[in-house]
Amino acid sequence: MTQSPAVRITGRSGPIRIGERAARTLVTELARINDPKTALLVGAGPESAVLAAAIEALLPGDRLTVVPVEPLGAAALRAHVTAQGRWVADRVSVVDSLAEAEPAGVVIAGEVFAGSAEETRGGIEGLAKYLSDGAVLSVATAATPGRTTGAAAELARQDALYGVGADLVLRNSPPVRVYRLRFTPASPASADRLAPAHRPSSVPLTRGMHIDSNGVAAAGIALGLAALARVARPSSKLWLLPALAAGPVAAFFRDPERDVPEDPSAVVASADGKVLSVQRLHDERFGDGEWLRVAVFLSVLDVHVNRSPVAGKVVDYFVADGGFVNAMKPDAEHNVAAYTVLDTARGTVVVAQRTGLIARRIVQRAPIGALLARGERFGLIRFGSRTDVYLPAEAADPLVGPGDKVVGGSTVIARWR
């Protein structure tokens, strides 16, 4: 029988365990596809959190094939699947070995990759044979700090060549990094069938309110400075300054859940804020023809997480140098900006994340090749800033005007003709 290609890390603490949060990240591609699909999970046992997450992600028309983690574990795994009830048993099948599996639209490695770079490369190549055209392989490895070797180095190399997304899951013991690899091109039109992906960078506080991981880090730094000040100068009230700043800093990075319109003709706002301008213009960087540009200003009180205005495939990303003028002024058009270019079923769409007077850091988390659903989080800008959405002028009609307030991922700013 064929062993699972995932190589366990063994040692005094035993193999690395994939917890609930890491498992949910591993099955992201399965969970976000709304159409009937096939999936292959390689390396799972009855107690696997990845198996539980994959079963939870299944829709009525889906099919999941599972390869057991142990060569002789198929019987126990079949009994576990049967015990879940008929609904699960009708959609999940267990095979004795990987050789019995069929190609699938999503392939998931249920164990953490470790060992040497050569072993990891062989494991990736073995799993890649079971990917259908445009399919994604999801794998995890230990998140090792500093210089990376072995499995971590090889997966970083694979990510540079074929990666369409990577997430660091800190709330796993130990932390792991999840990679999504695509070895054959995916059609931009397939993004229309996707729901926004789960990302561990959006940390839930309540059912409706999340906070970006940047906010968690910033608040932690502020509280750490407060603790140091308290120890260094116990008689002083200086520690109150960073302590009190932690709350507002964290609030700046808030990331609320949003109801994304299901209308396929809708173009949604890429960020919260006030519409500065709606104009037609030419920009040869994005191609010939006229563009419809909707510019939105984000104050320091607005949510600064950016969302994709349309469903599409990231085909280019570049940063243009410039200044740091107040984002509300016309000259802000020449500020430092990051441009994410999307190929869609309706034509090219571009999202510009512009810096402002205070904003000096742009975060973009959607690599070239990634598929983004309408309203999906793809980055953020720290502090006051501006986002511009460029649409083909002949294909879209604006629905907002200067002065209108918009909500990222929810407000329809234009409609495809």
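Reading guide: rules and limits
- One numbering rule holds for all chains: residues counted from 1, following each sequence as written.
- Residue-level local features of this predicted model are given only where pLDDT is at least 70; pairs of side-chain atoms are given and counted only at 80 or more, and the full residue set underlies all totals for whole chains, interfaces and linings.
- No hydrogens and no water enter the side-chain calculation; it runs on all heavy atoms of the structure.
- Secondary structure elements are defined from DSSP: runs of H or I of at least 4 residues count as helices, runs of E of at least 2 residues count as strands, and each element is numbered from the N terminus.
- The atom set for the radius of gyration is the C-alpha atoms, and the globule formula is 2.2 Å times the number of residues raised to the power 0.38.
- Think of it in three bands: residues with accessible area under 20% of the maximum for their type are buried, residues over 50% are exposed, and the middle band is partly exposed, with areas taken using a 1.4 Å probe on protein chains only.
- In this analysis, two residues are considered to be in contact whenever any of their non-hydrogen atoms come within 4.5 Å of each other.
- Here the accessible surface of atoms and residues is derived via Shrake-Rupley with a 1.4 Å probe, and residues count as covered only by protein chains that are part of the display.
- The positive count covers Lys and Arg only, the negative count covers Asp and Glu only, and His and the chain ends enter neither.
- Lysine's charge is taken at NZ, arginine's at CZ, aspartate's at CG and glutamate's at CD.
- By definition, a salt bridge exists where a carboxyl oxygen of Asp or Glu is found within 4 Å of a side-chain nitrogen of Lys or Arg.
- In summary, the pairing rule links any two rings of Phe, Tyr or Trp, Trp by its six-membered ring, whose centres are within 6.5 Å, and it sorts them by plane angle into stacked for under 30 degrees, edge-to-face for over 60 and tilted for everything else.
- These domain limits were set by an automatic method or by a database of domain assignments.
- Note on definitions: buried area is the accessible-area loss of two parts on being combined, 1.4 Å probe, summed for both.
- The predictor rates its confidence in each residue with pLDDT, a number between 0 and 100.
- The pairing criterion is simple: DSSP has to find at least two bridges between the two strands.
- Here a cavity is any set of points on a 1 Å grid over the protein atoms alone where a 1.4 Å probe fits but cannot get out, and a pocket is any open set with protein on both sides within 12 Å along at least 5 of 7 lines; a residue lines the site when it has an atom within 4 Å of a point.
- Grid points are joined across faces, edges and corners, and a volume is the space filled by probe spheres set on the points.
- Only the stretch in contact is used when fitting a helix axis, every axis being a line fitted to C-alpha atoms; angles between N-to-C directions are given from 0 to 180 degrees.
- An angle below 35 degrees is treated as roughly parallel, one above 145 as roughly antiparallel, one from 65 to 115 as roughly perpendicular, and anything else as oblique.
- Left-handed describes a crossing in which the near helix is turned anticlockwise from the far one by less than a right angle; the clockwise case is right-handed.
- Ten residues, namely Ala, Val, Leu, Ile, Met, Phe, Trp, Tyr, Cys and Pro, are considered nonpolar, four, namely Asp, Glu, Lys and Arg, are considered charged, and the remaining ones, Gly among them, are considered polar.
- Any helix carries an expected span of 1.5 Å times its number of residues minus one.
- It is the directions from the helix axis to the C-beta atoms that the arc portrays.

Can you explain the overall build of the protein chain? Please cite residues and give values.
The secondary structure content of the protein chain amounts to nine helices and 24 strands. Over its C-alpha atoms the protein chain spans a radius of gyration of 23 Å, differing by no more than 12% from the 22 Å that the globule rule assigns to 417 residues. Reported as C-alpha extents along the three principal axes, the dimensions of the protein chain are approximately 65 × 65 × 40 Å. For the protein chain, the proportion of its 417 residues judged to be buried stands at 52%. At a minimum sequence separation of 6, the contacts of the protein chain that also span at least 24 residues come to 74%. Surface exposure of the protein chain reaches about 18900 Å², of which carbon and sulfur atoms provide 55%. Charged side chains in the protein chain number 46 positive and 42 negative. The centres of these two groups are separated by 8 Å.

Tell me what's going on with the pattern of salt bridges, and back it up with residues and numbers.
Evaluated as defined, the whole model comprises 25 salt bridges. When the shortest N-O distance is used, the salt bridge between Asp-255 and Arg-377 registers 2.6 Å. A residue pair is termed long-range when its members are at least 10 positions apart, and Asp-255 in strand 10 (residues 254–256) and Arg-377 in strand 20 (residues 377–381) qualify at 122 residues. Among the ionic pairs, Asp-302 bridges to Lys-405, the shortest N-O distance being 3.7 Å. Residue Asp-302 is found in the loop between strand 13 (290–298) and strand 14 (305–307), and its partner Lys-405 is found in strand 23 (residues 405–406); the two are separated by 103 residues along the sequence. The exposure class assigned to Asp-302 is buried, which follows from its relative accessible area of 12%. A single salt-bridge network, built from bridges that share partners, covers Glu-29, Arg-32, Asp-167, Arg-180, Arg-199 and Glu-376.

Let's hear about the packing of aromatic side chains: which residues, and what values?
Here the structure, examined in full by the defined rule, presents seven aromatic pairs. Taking 4.7 Å as the distance between ring centres and 50° as the angle between the ring planes, the aromatic pair formed by Tyr-162 and Phe-183 counts as tilted. Of the two residues, Tyr-162 sits in helix 7 (residues 150–162) while Phe-183 sits in the loop between strand 7 (176–181) and strand 8 (202–204), which places them 21 residues apart along the sequence. You can call Phe-183 partly exposed: its relative accessible area is 27%. Measuring from centroid to centroid gives 5.0 Å for Phe-286 and Tyr-390, while their planes differ by 65°, and the two rings are edge-to-face. Of this pair, Phe-286 sits in the loop between strand 12 (273–282) and strand 13 while Tyr-390 sits in strand 21 (residues 385–392); the two residues are 104 residues apart in sequence, bridging distant segments of the chain.

Describe in detail the domain arrangement of the protein chain, supporting the description with residues and values.
Per the domain assignment, the segments of the protein chain are domain 1 (20–185), domain 2 (209–254) and domain 3 (260–416). Each of domain 2 and domain 3 has a C-alpha centre, and the two are 31 Å apart. Counting from both sides, the interface comprises seven residues of domain 2 and, opposite them, 13 residues of domain 3. Its largest share of buried area at the contact with domain 3, domain 2 owes to Asn-214, Phe-252 and Arg-254, together 69% of the area lost on that side.

I'd love a proper account of the confidence of the model for the protein chain, names of residues and values included.
Of the residues in the protein chain, 95% have a pLDDT of 70 or more, and the chain-wide mean is 90. Every residue in residues 1–14 scores below 50 in pLDDT, and together they form 35 contacts with partners more than four places removed in sequence or on other chains.

Run through the sheet that holds strand 21, naming residues and quoting values.
What holds strands together in a sheet is hydrogen bonding between their backbones, with the strands either parallel or antiparallel. In space, the eight strands of this open sheet follow the order 19-15-16-17-21-13-12-23, with antiparallel pairing throughout. Each having just a single partner strand, strand 19 (371–372) and strand 23 make up the two edges of the open sheet. Alignment of strand 15 (residues 312–320) against strand 19, held across two bridges, turns out to be antiparallel. Directly across from Lys-313, in strand 19, lies its bridge partner Leu-371.

An account of the environment of Val-349 is requested, with residue identities and associated values reported.
Among the secondary structure elements, Val-349 is positioned in strand 17 (residues 347–354). Under the relative-accessibility criterion, Val-349 is labelled buried at 0%. Considered as a pair, Val-349 and Val-314 are 35 residues apart in the sequence and their alpha carbons are 9.6 Å apart. Excluding anything up to four places from it in sequence, Val-349 contacts Pro-309, Val-310, Thr-340, Val-341, Leu-342, Thr-344, Val-389, Tyr-390, Leu-391, Pro-392 and Trp-416.

Describe empty space enclosed by the protein, and please don't skip the residues or the numbers.
Evaluated as defined, the whole model comprises one cavity of 30 Å³ or more. Taken as a whole, the largest cavity encloses approximately 30 Å³ of empty space. Every residue lining the largest cavity is listed: Glu-29, Arg-32, Val-164, Arg-182, Arg-199, Ala-370 and Leu-371.

How would you sum up the packing of helix 6 (residues 117–128) against helix 7? Please name residues and give values.
Where helix 6 meets helix 7, the closest approach of the two axes is 7 Å, and the angle between their N-to-C directions is 45°. Relative to helix 7, the element helix 6 lies oblique. Viewed along their axes, helix 6 and helix 7 form a crossing whose handedness is right-handed. Where helix 6 abuts helix 7, its residues Ala-117, Thr-120, Arg-121 and Ile-124 lie against Gly-150, Ala-151, Glu-154, Leu-155, Arg-157 and Gln-158. A breakdown of the residues in the contact of helix 6 with helix 7 according to their chemical character gives four nonpolar, three polar and three charged.

Hey, could you go over helix 6 for me, with residue numbers and the actual values?
For helix 6, spanning twelve residues, the distance from its first C-alpha to its last is 16 Å, which sits close to the expected 16 Å at 1.5 Å a residue. Taken as a whole, helix 6 has its buried residues at Thr-120, Gly-123, Ile-124, Gly-126 and Leu-127. Taken down its axis, helix 6 places every buried residue within 160° of arc, on the same side. Residues of helix 6 that are buried sit in contact with strand 1 (38–44), strand 4 (104–113), strand 5 (131–142), helix 7 and strand 7.

Which residues make up the packing of helix 8 (residues 213–232) against helix 9 (residues 240–252), and what values do they have?
Orientation of helix 8 relative to helix 9, taken along the N-to-C sense of each, is 175°, at an axis distance of 8 Å. By the angle class used here, helix 8 and helix 9 are roughly antiparallel. Here Gly-215, Ala-218, Ala-219, Ala-222, Leu-223, Leu-225 and Ala-226 of helix 8 come into contact with helix 9, specifically with Pro-242, Ala-243, Ala-246, Val-249 and Ala-250. In terms of residue class, the contact of helix 8 with helix 9 is built from eleven nonpolar, one polar and no charged.

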